[in-house]
Amino acid sequence: MGRKYFGTDGIRGRVGEAPITPEFVMRLGYAAGRVLAQRTAGIKPAVLIGKDTRVSGYLLEAALEAGFSAAGVDVMLSGPLPTPAVAYLTRALRLSAGVVISASHNPFDDNGIKFFSADGNKLPDETEAMIEAALEAPMGCVRSEQLGRAKRIDDAAGRYIEFCKSTFPSDFDLRGMKLVVDCAHGAAYQTAPHVFHELGADVVAVGASPNGLNINDKVGATHPEALRRAVLEHKADLGIALDGDADRLLMCDGEGRVYNGDELLYLIVRDRTRNRHVPGAVGTLMSNFGLEQAFQRLGVAFDRAKVGDRYVLETLQQRGWLFGGESSGHLLCLDCHTTGDGTISALQVLGAIRRSGLSMTALTGDLVLYPQRLINVRVDKGFDWQHHDGLAAARAQVERELGKDGRVLIRPSGTEPLLRVMVEARSDDVAERLAQQMADAVAV
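Residues numbered from 1 in each chain as written. Predicted model: local features only at pLDDT ≥ 70, side-chain atom pairs only at ≥ 80, totals over all residues. Heavy atoms only, no water.

Asker: Please explain the environment of proline 210 as it appears in this structure.
Answerer: Along the chain, proline 210 falls in the loop between β8 (202-206) and α7 (224-234). A relative accessible area of 25% places proline 210 in the partly exposed class. Note: C-alpha distance between proline 210 and alanine 46 (164 residues apart in sequence) is 29 Å. Beyond its immediate chain neighbours, meaning those up to four positions away, proline 210 contacts Thr53, His185 and Tyr189. (Helix = DSSP H or I, 4+ residues; strand = E, 2+ residues; numbered from the N terminus. Buried < 20%, exposed > 50% of the residue type's maximum accessible area, 1.4 Å probe, protein only. Contact = heavy atoms within 4.5 Å.)

Written out as structure tokens, the structure is:
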């Protein structure tokens, strides 16, 4: 069944425009509260609300709190807190659900709402469908004696910091290591620097002065050039860049080389294979072909999910595997946490470095990423690319030429009338030429 409001990562949009308006968000809180109340069999439900540092978080937090209270749901407010911290605390505090007010890596004037279930996982589709159905009913209000109460959790950040530290090997520390930690002026500004500092590192925090308007602004995982400059300027050993809600990670070594999500996933899985059997890992349709080949050489199966960490998680759960991620830096280590966590993923990389005594370059030396060329071809709305004879012929010709030395991916944009044509090949020139060959076939 199609969903009207929920996308692959909650509900998101421009603040002040439907659906991210105070009135809708209050109704959303009420609808979600009624669904939770139906599921708790007479026990008063309680939820945790966390947010990133966008100025609109104050507005949406108040609206959500009012909606939940009207539905008879108690609310705990954490203030700015990473998305994975909300998932962890929801589970640790035995709450009915967790709610995050964030638009992740988007600009400050976007915002969104996403939910976690009591076990710290994203809400299943059927629960989201129930909330959407409840949104169609008029908003009401329980009797005064049944209204939900709200309180602030003062130690939320501290609890999460300790949880992150618990995922780092107890027989290692980070003493003697200088780290730049870029918090993207986002939700991790009060947590991530402390995690690495308390493990012994000399920490240089950047992107840690949010003003409500500067989240993700030329800093963080979406702008790794800022991390690279800071690492070189401070002569740091490594750099760590998170995004606005701290579930995404990119890293940089002391030479200024930036490592993307494919490289970090390989490094983590390679380290895990030193003392355990890792049956498989999950990437996405956009994961580099070189990653797939490198896992094959390790004896680790590789599966591809649709783009989006939600789908990576679903595939991991279906396969019974623990490790997955996206090249953008969403990494899942299900032996540490139920959801993607940039801080915890960075700790797994640092643990591998400490355990092996090797550099990031050495630990990823067996991984050779293929050059990618992606071309966006504008098409008519409803364009049926799967039955386009010219594209089919061009694709067949390209795949014959690539053989086992490359990969083709064609997929429509989910938001614009565009067809995305991508080729991975051994060289930039070949990838460029073959991608253009298929793009030209569409444009004819």
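Asker: Explain the side chain of histidine 388 to me, please; I cannot follow it from the model alone.
Answerer: Within the element layout of this structure, histidine 388 appears in the loop between β16 (372-378) and α13 (389-402). By relative accessible area, histidine 388 is classed as buried at 18%. At 3.3 Å, the side chain of histidine 388 and the backbone nitrogen of glycine 390 are in polar contact. Setting aside residues up to four positions removed in sequence, histidine 388 forms contacts with Phe383, Ala441 and Val442. (Polar contact = N/O pair within 3.5 Å; in protein donor to acceptor, adjacent residues only side chain to side chain.)

Asker: When you look at the side chain of glutamate 61 in this model, what are you seeing that I'm missing?
Answerer: Position of glutamate 61 among the secondary structure elements: in helix α2 (residues 56-70). At a separation of 3.3 Å, a polar atom in the side chain of glutamate 61 contacts the side chain of arginine 152.

Asker: Can you help me understand the sheet that holds strand β4 (residues 97-101) in this one?
Answerer: What links the strands of a sheet is backbone hydrogen bonding, and the strands pair in either a parallel or an antiparallel sense. On the basis of which strands lie adjacent, the open sheet formed by 6 strands has the order β1-β5-β4-β2-β3-β6 and mixed pairing. Since the sheet does not close on itself, it has two edges, and those belong to β1 (11-14) and β6 (150-152), each with one partner. Between one strand axis and the next, the sheet turns through 20° on average, direction left out of account. Taken together, the 5 bridges between strand β2 (residues 46-51) and β4 define a ladder with parallel strand orientation. Along β4, the bridge assignment pairs leucine 48 with glycine 98. Running at roughly 165° to β4, helix α3 (residues 83-92) makes contact with β2, β4 and β5 (110-117) of the sheet. (Pairing = 2+ DSSP bridges. Axes fitted to C-alpha atoms, helices over the stretch in contact; angles between N-to-C directions.)

Asker: Looking at this structure, I do not really get the sheet that holds β16. What am I missing?
Answerer: Read across the sheet, 3 strands follow the order β16-β18-β17 without closing on themselves; strand pairing throughout is antiparallel. Each of the sheet's edge strands pairs with one partner strand only, and the pair in question is β16 and β17 (406-412). The sheet shows a mean angle of 15° between the axes of neighbouring strands, direction not considered. Bridge count between β16 and strand β18 (residues 418-425): 7 bridges; the pairing is antiparallel. Among the inter-strand pairings, isoleucine 375 is bridged to a residue of β18, identified as valine 421. Across the face of the sheet, helix α14 (residues 428-443) comes into contact with β16, β17 and β18 while running at roughly 150° to β18.

Asker: Where do I start with the packing of aromatic side chains in this structure?
Answerer: Any pair of aromatic rings gets described here by the distance separating the centres and the angle formed by the planes. Enumeration according to the criterion identifies 6 aromatic pairs in this entry. Between tyrosine 5 and phenylalanine 24, the ring centres sit 4.8 Å apart and the planes meet at 50°, which makes this aromatic pair tilted. Residue tyrosine 5 is found in the segment before β1, and its partner phenylalanine 24 is found in helix α1 (residues 22-39); the two are separated by 19 residues along the sequence. Among the aromatic residues, ring-to-ring pairing joins Tyr266, Phe295 and Phe302 into one connected group. Across from the ring centre of tyrosine 259, 4.1 Å away, lies the NZ or CZ of arginine 257, which sits over that ring. (Phe/Tyr/Trp six-rings, centres within 6.5 Å; stacked < 30°, edge-to-face > 60°. Lys NZ or Arg CZ within 6 Å of the ring centre and 35° of its normal.)

Asker: Whenever I open this one, the state of the cysteines confuses me. Can you help?
Answerer: Every disulfide links exactly two cysteines, by a covalent bond between their sulfur atoms. Applying the stated criterion to the full structure yields 0 disulfides. Its sulfur unpaired, cysteine 164 is 10.0 Å from the next cysteine sulfur, which belongs to cysteine 336. Residue classification places cysteine 164 among the buried positions, given a relative accessible area of 0%. Here cysteine 333 stays free of any disulfide, with the sulfur of cysteine 336 as its closest cysteine sulfur at 5.4 Å. (Disulfide = S-S within 2.5 Å.)

Asker: Looking at this structure, I do not really get helix α9 (residues 289-298). What am I missing?
Answerer: Two residues of an α-helix separated by three or four positions point the same way, owing to the 3.6 residues in each turn. Here α9 lies mainly inside the structure; 7 of its 10 residues are buried. Taken as a whole, α9 has its buried residues at Phe289, Gly290, Leu291, Glu292, Gln293, Ala294 and Phe295. In the core, the buried residues of α9 are packed alongside α8 (261-272), β12 (280-284), β13 (301-305), β17 and β18. At the N-terminal boundary of α9, the capping side chain belongs to asparagine 288, with an oxygen 2.7 Å from the backbone nitrogen of glycine 290. Once α9 ends, the next one or two residues include glycine 299, with phi positive near 80°.

Asker: Would you mind showing me how to read the pattern of salt bridges here?
Answerer: If charged atoms from side chains of opposite charge come close, those side chains can pair. What the rule picks out here adds up to 34 salt bridges. The partner of glutamate 61 in a salt bridge is lysine 51, and the shortest N-O contact between them spans 3.5 Å. Here the residue glutamate 61 occupies a position in helix α2, and lysine 51 occupies one in strand β2, the gap between them amounting to 10 residues. There is no split in this pair, since glutamate 61 and lysine 51 are both buried. (Salt bridge = Lys/Arg side-chain N within 4 Å of Asp/Glu carboxyl O.)

Everything listed here is a matter of geometry and, on its own, says nothing about what the molecule does.
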